[in-house]
Amino acid sequence: SQQGEEDPQALSIQEGENATMNCSYKTSINNLQWYRQNSGRGLVHLILIRSNEREKHSGRLRVTLDTSKKSSSLLITASRAADTASYFCATGDIQGAQKLVFGQGTRLTINP
Amino acid sequence: SQTIHQWPATLVQPVGSPLSLECTVEGTSNPNLYWYRQAAGRGLQLLFYSVGIGQISSEVPQNLSASRPQDRQFILSSKKLLLSDSGFYLCAWSVYGDNEQFFGPGTRLTVL
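Below is a short write-up of the structure. What you see is a predicted model, and the numbers here were worked out from it, not measured in a lab.

Turning next to the sheet that holds strand β1 (residues 3-7) of chain B. All names here are of chain B. The four strands lie next to each other as β1-β3-β8-β7, forming an open sheet whose pairing is antiparallel. Two strands bound the open sheet, and with one partner strand each, they are β1 and β7 (65-70). Each neighbouring strand pair of the sheet contributes to a mean axis angle of 20°, computed without reference to strand direction. Sheet topology places strand β3 (residues 19-26) next to strand β8 (residues 73-78); six bridges connect them, and they run antiparallel. Residue Cys23 lies in a different strand from β8, and its bridge partner there is Phe74.

Put into structure tokens, the structure is as follows:
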């Protein structure tokens with residue numbers, strides 16, 4: 001079953017603007033991850049934030065996690081045309097096979 | 001460095017025909033392995049995962065099966081394909097005890 005729900009489903013902005021995507025989930029988690037998928041390709045891991053962390057940065061990416069609201073956000077600053085892709089959040093635990101549950105994704109389009 | 005291979009990249013099969021998709025991982029030992037299916041414009045659905053040779057867990061009842069004959073080889077099969085089996089199939093691996101997953105390039109399956 002899908003746990004993560006991304007919002008919005010699609011986002012179109014101008015190059016140079018910031019893009020914010022949100023993810024909500026239902027159950028307790030050990031960590032939350034964000035992945036990127038270019039059209040017709042596999043997913044690429046972007047960033048992982050653990051349940052005891054509130055914010056994490058990686059280059060132009062900033063992720064926040066609010067476990068009380070069961071939500072996370074991914075901010076891409078100074079967007080570029082190459083950032084055009086689908087972005088997925090995935091919730092995971094550390095038990096057994098470390099399964100991930102993916103959301104439906106946000107399709108981000110950066111207009112030059 | 002670790003790499004993951006999937007083949008074929010695309011496949012068109014008639015209804016009722018058999019299926020065999022292969023995934024291999026290089027550069028790591030005893031990985032966790034995963035098979036996902038992605039419908040067009042949607043998130044990923046976990047089909048099977050494996051924590052070791054011969055150990056397969058199925059997430060959803062379906063027309064597919066999986067096998068792990070070798071440590072770094074994961075095979076997705078079907079005896080008779082259905083129209084509903086069409087989709088984008090992704091293989092992924094992770095290090096045991098770590099949650100980050102690494103994805104292959106995917107196989108696009110069309111059942112006619």
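More follows now that the structure is in view.
With that settled, consider the packing of aromatic side chains. Any pair of aromatic rings gets described here by the distance separating the centres and the angle formed by the planes. Per the counting criterion, the structure on display carries eight aromatic pairs over all chains. Geometrically, the ring pair formed by A:Tyr35 and B:Phe103 is edge-to-face, given 5.7 Å between the ring centres and 80° between the ring planes. With A:Tyr35 in strand β4 (residues 31-37) and B:Phe103 in strand β10 (residues 102-103), the pair connects residues from two separate chains. On the accessibility criterion, B:Phe103 (10% relative accessible area) is buried. These aromatic residues form a ring-pair network of at least three members: A:Tyr35, A:Phe102, B:Tyr34, B:Tyr36 and B:Phe103.

With that settled, consider the side chain of B:Ser78. All names here are of chain B. Looking at where Ser78 falls in the secondary structure, it is placed in strand β8. Taking the relative accessible area as the measure of exposure, Ser78 reaches 7% and is therefore buried. Only 3.2 Å separates the side chain of Ser78 from the side chain of Asn63, close enough to count as a polar contact. Separated by 3.3 Å, the side chain of Ser78 and the backbone nitrogen of Lys80 make a polar contact. Beyond its immediate stretch of four places on either side in the chain, Ser78 contacts Pro18, Leu19, Asn63 and Leu64.

This brings us to the side chain of A:Ser72. Residue and element names in this part refer to chain A. Relative to the helices and strands, Ser72 is located in strand β8 (residues 71-76). Residue classification places Ser72 among the buried residues on the basis of a relative accessible area of 3%. Polar side-chain contacts of Ser72 include one of 2.8 Å to the backbone oxygen of Thr64. Ignoring sequence-local partners within four residues, the contact set of Ser72 consists of Met21, Asn22, Cys23, Leu32, Trp34, Val63, Thr64 and Leu65.

Another point: the state of the cysteines. Within the structure shown, the criterion is met by two disulfides over all chains. Bridging A:Cys23 to A:Cys89, the disulfide has an S-S length of 2.0 Å. Measuring handedness by torsion sign, the sulfur bridge of A:Cys23 and A:Cys89 sits at about 65° and is right-handed. Of this pair, A:Cys23 sits in strand β3 (residues 19-24) while A:Cys89 sits in strand β9 (residues 85-92), and the two are 66 residues apart along the sequence. Disulfide pairing places B:Cys23 opposite B:Cys91 at an S-S distance of 2.0 Å. Between B:Cys23 and B:Cys91, the disulfide has an S-S torsion of -75° and is therefore left-handed. Here B:Cys91 lies in strand β9 (residues 87-94) and B:Cys23 lies in strand β3, a separation of 68 residues in the sequence. Accessibility assignment for this pair places B:Cys23 and B:Cys91 in one class, buried.

Reading guide: rules and limits
- Residues numbered from 1 in each chain as written.
- Chains lettered and ligands numbered in written order.
- Predicted model: local features only at pLDDT ≥ 70, side-chain atom pairs only at ≥ 80, totals over all residues.
- Heavy atoms only, no water.
- Pairing = 2+ DSSP bridges.
- Helix = DSSP H or I, 4+ residues; strand = E, 2+ residues; numbered from the N terminus.
- Axes fitted to C-alpha atoms, helices over the stretch in contact; angles between N-to-C directions.
- Phe/Tyr/Trp six-rings, centres within 6.5 Å; stacked < 30°, edge-to-face > 60°.
- Buried < 20%, exposed > 50% of the residue type's maximum accessible area, 1.4 Å probe, protein only.
- Polar contact = N/O pair within 3.5 Å; in protein donor to acceptor, adjacent residues only side chain to side chain.
- Contact = heavy atoms within 4.5 Å.
- Disulfide = S-S within 2.5 Å.

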